[in-house]
Amino acid sequence: MRLVFAGTPEFALPGLEIAAAGGELVAVYTQPDRPAGRGRGLAESPVKQRAKALGIEVVQPLTLRDAQAQEALRSLQPDLLIVVAYGLILPQAVLDIPTHGCWNLHASQLPRWRGAAPIQRAIEAGDSMTGVDLMRMEKGLDTGPVLLRRTTPISDQDTGGSLHDRLAKLGAELLAEGLTRLRAGDPPPATPQPAEGVSYAHKLDKAEARLDWTQPALVLARKVRAFHPWPVAECELAGERLRVHAAQPLSEAELQERGLGRPAPGTLIAGRHEGLIVACGEGALRLLRVQREGGRPQPVAEFLNARPALRTA
């Protein structure tokens, strides 16, 4: 088969490796180079860097909506287009080009968490399970029928980063199975998504990372995990802005057991080497790893060395 792969970030790399393994990958599509870093120089996407290392042609159109870009894809005579976190909309004219259509790896159990940030939204919402779906693409946003699925539990320790890595690996395994079956003439059956249970994983906004101490501690702890490693939760505490890299919720019962008071949300209840305990709308949040402005992430014990006045018995 003649395969074309479309992807941009690190999440797409394991899938790219699977697509390239059979020697059938004729081109890789990825988004144009973007300004990045303090110097704002143009940076190549992770997918472009890997494709170049593999010696595969890289194509970077600004859009796939114009006739010239569509004709360029058609000239490749693809049997299948594999899409993993590409970031550009594929119009119907593009979906119709490959012989076997377009497959997409999506990091959720559809129809839950269609959209741009399914990994982070699943953690933020407190979902106990998630997964990755191999879907046949349609014109709608992540609405196509599901071909194959893998599931995985979400633990209380999972962050956006750890779940990202696990789902990327599962997605590659799923793609390998799908390609094997397609080559053998036994393509996986397409199962339409149910109409019920649809939710949308809106793109992450840095403004969302600000912790609101009036919310329950459990909600804030999930946000800290979901937004790590980006955009990283942040807060105002003791007159200083901090980024919060790790935290744990404490229930009302746990506060009572520790003999801690119940002041207004946002109040620092205790500062100890095992964490900064901050009152929330319900329970308290124990900050475990923080970052001062212009500094590096550090355990709370190190932070208290610089702010000894916040230390309590």
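Residues numbered from 1 in each chain as written. Predicted model: local features only at pLDDT ≥ 70, side-chain atom pairs only at ≥ 80, totals over all residues. Heavy atoms only, no water.

All right, on to the pairing of strand β13 (residues 240–250) then. Pairing of strand β12 (residues 233–237) with β13 involves 5 bridges; the strand directions are antiparallel. Residue Cys235 lies in a different strand from β13, and its bridge partner there is Leu242. Count of turn residues in the β12/β13 antiparallel hairpin: 2 residues, of which Ala238 carries a positive phi of about 55 degrees. Pairing between β13 and strand β16 (residues 284–292): 8 bridges, direction antiparallel. From the neighbouring strand, Ala246 faces β16, where its bridge partner is Arg289. (Pairing = 2+ DSSP bridges. Helix = DSSP H or I, 4+ residues; strand = E, 2+ residues; numbered from the N terminus.)

Bringing helix α3 (residues 67–75) into the picture now. Inspection of α3 places Ala69, Gln70 and Leu73 among the buried residues, and these make up the whole buried set. One side of α3 carries all its buried residues, which in axial view fall inside an arc of 100 degrees. Residues of α3 that are exposed and point more than 90 degrees away from the buried face comprise Ala67 and Gln68. As for α3, its buried residues are in contact with β1 (3–7), β2 (25–29) and α4 (92–95). (Buried < 20%, exposed > 50% of the residue type's maximum accessible area, 1.4 Å probe, protein only. Arc of directions from axis to C-beta. Contact = heavy atoms within 4.5 Å.)

What follows deals with the nonpolar core. In this structure, Phe5, Leu25, Val28, Ile82, Trp103 and Leu134 are the most contacted members of the largest nonpolar core, which totals 41 residues. Sorting elements by how many residues they give to this core places helix α6 (residues 160–183) first, with 8 residues. Setting aside residues no more than four positions away along its own chain, Leu134 makes contact with Trp103, Asn104, Leu105, Pro145, Val146, Leu147, Leu148, Leu174, Leu175 and Gly178. Formed by 22 residues, the second largest nonpolar core is a distinct cluster that contains Val244, Leu276, Val300 and Phe303. (Core = buried A, V, L, I, M, F, W, Y, C linked by side-chain atoms within 4.5 Å.)

The computed volume of the largest pocket comes to approximately 1600 Å³. If you go around the largest pocket, you meet 46 residues; those closest to its centre are Pro9, Ala85, Tyr86, Gly87 and Ala116. Listed by contribution, the elements that provide at least two residues to the lining of the largest pocket are β7 (102–106), α5 (118–125) and α6. In terms of residue class, the lining of the largest pocket is built from 23 nonpolar, 15 polar and 8 charged. Here the second largest pocket is characterised by a volume of approximately 310 Å³. For the second largest pocket, the lining is made up of 15 residues, of which Asp156, Gln157, Arg225, Ala247 and Pro249 are closest to its centre. Its residues placed into classes, the lining of the second largest pocket shows 7 nonpolar, 5 polar and 3 charged. (1 Å grid on protein atoms, 1.4 Å probe; cavity = no way out; pocket = protein on both sides within 12 Å on 5 of 7 lines; lining within 4 Å. Points joined across faces, edges and corners; volume = space filled by probe spheres on them. Nonpolar A, V, L, I, M, F, W, Y, C, P; charged D, E, K, R; others polar.)

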